[in-house]
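The residues making up each chain are set out below.
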Amino acid sequence: MSTAENRPAEKMMFQLNLRRRGISDQAVLRAMDQVDREAFVEPRDRGNAFRDTALGIACGQTISQPFVVAYMTDQLRLKAGHRVLEIGTGSGYQAAILAKLCKQVVSVERFRTLADSARQRLARLGCDNVEVVLGDGFAIPPAMGQFDRIIVTAAMEQIPEALTARLQPDGILIAPVGPHHRVQTLVRVVRTAAGFERKELVDVRFVPALPGIAREL
Ligand code: SAH
């Protein structure tokens with residue numbers, strides 16, 4: 001079977017595409033190179049793992065497009081000491097990329113099946129600074145504390161104040177905002193001394209963020 005190791009041309013194209021589309025941060029590019037996307041896709045999609053498209057995973061969800069993963073990671077301006085909250089673990093791919101660039105990732109997923117398989121996969125890959133939690137990103141328990149960065153990887157109709165309130169001073173949140181099942185806008189919110197600064201970045205398409213833990217597995 002073809003594996004990442006014997007597909008150097010595909011891996012090279014993968015990196016070139018990220019650079020061509022404007023990702024220039026060396027640490028982000030290195031993380032994208034180190035984390036093998038093939039380990040996060042469904043077996044039927046192994047041959048497509050290095051294509052720049054979203055792919056289907058269990059529970060009707062998706063693993064995001066690599067460019068969007070790199071772009072959102074870049075916009076977070078991560079530092080080695082940061083504690084990061086991800087809402088929408090999905091396959092765990094984005095969490096694995098974040099984990100290379102910060103101290104701790106707490107990733108919340110509403111489907112038990114996805115949370116369990118991402119937790120196992122990340123453990124197998126040695127990502128021991130990621131904690132996957134079954135939960136609802138619209139109701140992050142106060143005990144989880146504050147975060148330097150928050151990344152939402154499912155589309156929200158608006159950004160809940162309860163979420164921006166969880167940012168540390170100078171904290172950054174990135175989220176796709178807009179109607180479900182349509183084009184959304186990636187929004188960046190920075191917590192400043194004066195309040196919150198909001199900037200619209202690029203158009204994206206994400207699966208919807210839904211409230212509550214999923215009743216189906
Ligand atoms: N970051 C993922 C892709 C996420 S797809 C990856 O790298 O593979 C979006 C995920 O968000 C789905 O798995 C979906 O179940 C989850 N999700 C949607 N609403 C949520 C909520 N309120 N809380 C937690 N997870 C949620």
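Residues numbered from 1 in each chain as written. Predicted model: local features only at pLDDT ≥ 70, side-chain atom pairs only at ≥ 80, totals over all residues. Heavy atoms only, no water.

Draft legend 1. A look at the packing of helix 1 (residues 8-20) against helix 2 (residues 26-34). Viewed as axis vectors pointing N to C, helix 1 and helix 2 meet at an angle of 150 degrees, and their least axial separation amounts to 11 Å. The orientation of helix 1 with respect to helix 2, classified from their angle, is roughly antiparallel. The two elements helix 1 and helix 2 cross, and the hand of that crossing is right-handed. Note on element contacts: helix 2 touches helix 1 through Gln-26, Leu-29, Met-32 and Asp-33, opposite Lys-11, Phe-14, Gln-15, Leu-18 and Arg-19. Taken together, the residues of the contact of helix 1 with helix 2 sort by class into 4 nonpolar, 2 polar and 3 charged. (Axes fitted to C-alpha atoms, helices over the stretch in contact; angles between N-to-C directions. Helix = DSSP H or I, 4+ residues; strand = E, 2+ residues; numbered from the N terminus. Parallel < 35°, antiparallel > 145°, perpendicular 65-115°, else oblique. Left-handed = near helix turned anticlockwise from the far one by under 90°. Contact = heavy atoms within 4.5 Å. Nonpolar A, V, L, I, M, F, W, Y, C, P; charged D, E, K, R; others polar.)

Draft legend 2. Looking closely at helix 3 (residues 66-75). Most of helix 3 sits out of view: 10 of its 10 residues are buried. Taken together, the buried positions of helix 3 are occupied by Pro-66, Phe-67, Val-68, Val-69, Ala-70, Tyr-71, Met-72, Thr-73, Asp-74 and Gln-75. Once helix 3 finishes, Arg-77 follows within two positions and takes phi at roughly 50 degrees, a positive value. (Buried < 20%, exposed > 50% of the residue type's maximum accessible area, 1.4 Å probe, protein only.)

Draft legend 3. Representation of the sheet that holds strand 9 (residues 195-204). Read across the sheet, 7 strands follow the order 5-4-3-6-7-8-9 without closing on themselves; strand pairing throughout is mixed. Looking at strand neighbours, the two that pair on one side only are strand 5 (130-134) and strand 9, the edges of this open sheet. Neighbouring strand axes in the sheet, compared pairwise and without regard to direction, differ in orientation by 15 degrees on average. As judged from the 4 bridges shared by strand 6 (residues 147-152) and strand 7 (residues 167-177), these two strands associate in the parallel manner. The partner of Ile-151 across the bridge, within strand 7, is Ile-174. Across the face of the sheet, helix 5 (residues 112-124) comes into contact with strand 4 (104-109) and strand 5 while running at roughly 165 degrees to strand 5. (Pairing = 2+ DSSP bridges.)

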